Amino acid sequence: MNGAPAIEGDARRAALAIDALRRGWAITVEHLGQQLCLLPIETAHDVAGARAILLSASRAATLKLMNQRAAADTALPVMIRAPADLDINLALAVADPTLDLRYPMKGPFEALALADGPSAAAAIELARLAGLLPAFLVLPDSERASGTVSPQDVAAFDDSGALHIAARARLPVAANVDAEIVAFRTDVDASDHVALLIGKRDGTPPVVRLHSECLTGDVLGSLKCDCGPQLHEALQQISDANWGILLYLRQEGRGIGLINKLRAYALQDQGFDTVDANTRLGFAIDARDFSVAARMLELLGISNVRLLTNNPEKVEGLKSAGISVEERLPLKIAANPHNAHYLETKKSRTGHAL
């Protein structure tokens, strides 16, 4: 947000690290003189030289490692000694929970003491930002690394305060021909967020909807979720109000990315509910950053809103970032036979619709 102290770090180094991870290149994460040389398992071609594996805490819990003293801090990732028979197939089986039924017999694994928690946590966050599984091969030195990044660099990359308006244009839409689209970006992140302003701005707080990107629901008409119907109903309710804004956030899969969302779908087909699917993959139940939406509103000169949502976490996310939510308006969507169980378990596990 404007006026906030700058986050120390170089977001460009984090951007280069994200690109390297997606290409299957090793990186070094450095903090206070300690280094972790890491290769993402998902994009690795071999396990040559790997001495250990770094996993998110929730994935380690699924593998029953949290009862080991070296893995007892559930706030930190977990490092395990590389098994003697480690190959790329075993590494993938350790990293990817969608393979658990195919490879049920894994381990036992030995948890190792984690000397640099901040670097390990930064690596797990980099994996999420790259849309990869949060699992790495730990290499003995940095000779194979394509670059070095610090936890401060990762924080600087993920700073919503770096957003700025890149372009805007009139955009008549089916819900209302009187609409304007505004695009936002940062200098390092390739994810461009969008706001659709509908109606004539006046002195009243706008009706605002925070909608996270959902390719399967918004574009392909997926019946597994209610995202598409929510998007169109929100546009209609905003159009029916004096004026309002749809914030379209590029946070696919509640912040874990498209491919990991599809992995979550595969886990749901195996019988896990939506919450368990995310945690088994090694992610938070909801990894979205609502300060991005707050920054977009700030850039549009808006500090008070009427929020169209069933999710109280969105209300708290905006409030904590300095946006006043004067009213929460419900968004009611009928279930269908393909998503009724999904919506019910989502509500029962979280207390609200996500």
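Please refer to the structure higher up on the page.
Now for a look at the structure at hand. Remember, predicted model here, so these are calculated numbers, not experimental data.

Another aspect to go through is the pairing of strand β2 (residues 34-40). Across a regular strand the side chains alternate sides, sitting on one face of the sheet and then on the other. Across the 7 residues that make up β2, a large majority, 5, are buried. Here strand β1 (residues 26-31) pairs with β2 via 5 bridges, running antiparallel. Bridged to Glu30 within β2 is Gln35. Where β2 meets strand β6 (residues 135-139), 4 bridges bridge the pair, whose relative direction is antiparallel. Following the sheet pairing, Cys37 is matched in β6 by Leu139.

Membership of the largest hydrophobic core comes to 34 residues, with the highest contact counts inside it found for Leu86 and Leu137. Those elements giving two or more residues to this core turn out to be β2, β3 (52-55), β4 (78-81), α3 (88-95), β6, α9 (258-269) and α10 (274-281). Take this core: its biggest share by element is 4 residues, from α3. Leave out the neighbours within four places in its chain, and Leu137 touches Cys37, Leu38, Leu39, Ile41, Ala44, Asp46, Val47, Ala50, Ala52, Ile53, Leu86 and Ala91. With 28 residues, the next largest nonpolar core counts Val29, Ala52, Leu126 and Ala156 among its residues.

The subject of this paragraph is a nonpolar patch on the surface. Together, Leu215, Val219, Leu220, Leu258, Ile259 and Leu262 make up an exposed nonpolar region whose accessible area comes to about 530 Å². If one sorts the elements of the nonpolar patch by residue count, α9 sits on top with 3 residues. For Ile259, a relative accessible area of 48% corresponds to the partly exposed category.

Read across the open sheet, the 7 strands follow the order β5-β4-β3-β6-β2-β1-β7; overall the sheet is mixed. With partners counted over all chains shown, the strands left at the sheet margins are β5 (111-112) and β7 (145-149), one partner each. Pairing geometry for β1 and β7, over 3 bridges, is parallel. Paired with Thr28 across the strands is Thr148, a residue of β7. Along the sheet, helix α4 (residues 117-130) makes contact with β1, β2, β3, β6 and β7, crossing β1 at roughly 140°.

Criteria and cut-off values
- Residues numbered from 1 in each chain as written.
- Predicted model: local features only at pLDDT ≥ 70, side-chain atom pairs only at ≥ 80, totals over all residues.
- Heavy atoms only, no water.
- Buried < 20%, exposed > 50% of the residue type's maximum accessible area, 1.4 Å probe, protein only.
- Helix = DSSP H or I, 4+ residues; strand = E, 2+ residues; numbered from the N terminus.
- Pairing = 2+ DSSP bridges.
- Core = buried A, V, L, I, M, F, W, Y, C linked by side-chain atoms within 4.5 Å.
- Contact = heavy atoms within 4.5 Å.
- Patch = residues over 30% accessible without salt bridge, like charges linked within 9 Å, V, L, I, M, F, W, Y side chains within 5 Å.
- Areas by Shrake-Rupley, 256 points an atom, 1.4 Å probe, with all protein chains shown as cover.
- Salt bridge = Lys/Arg side-chain N within 4 Å of Asp/Glu carboxyl O.
- Axes fitted to C-alpha atoms, helices over the stretch in contact; angles between N-to-C directions.

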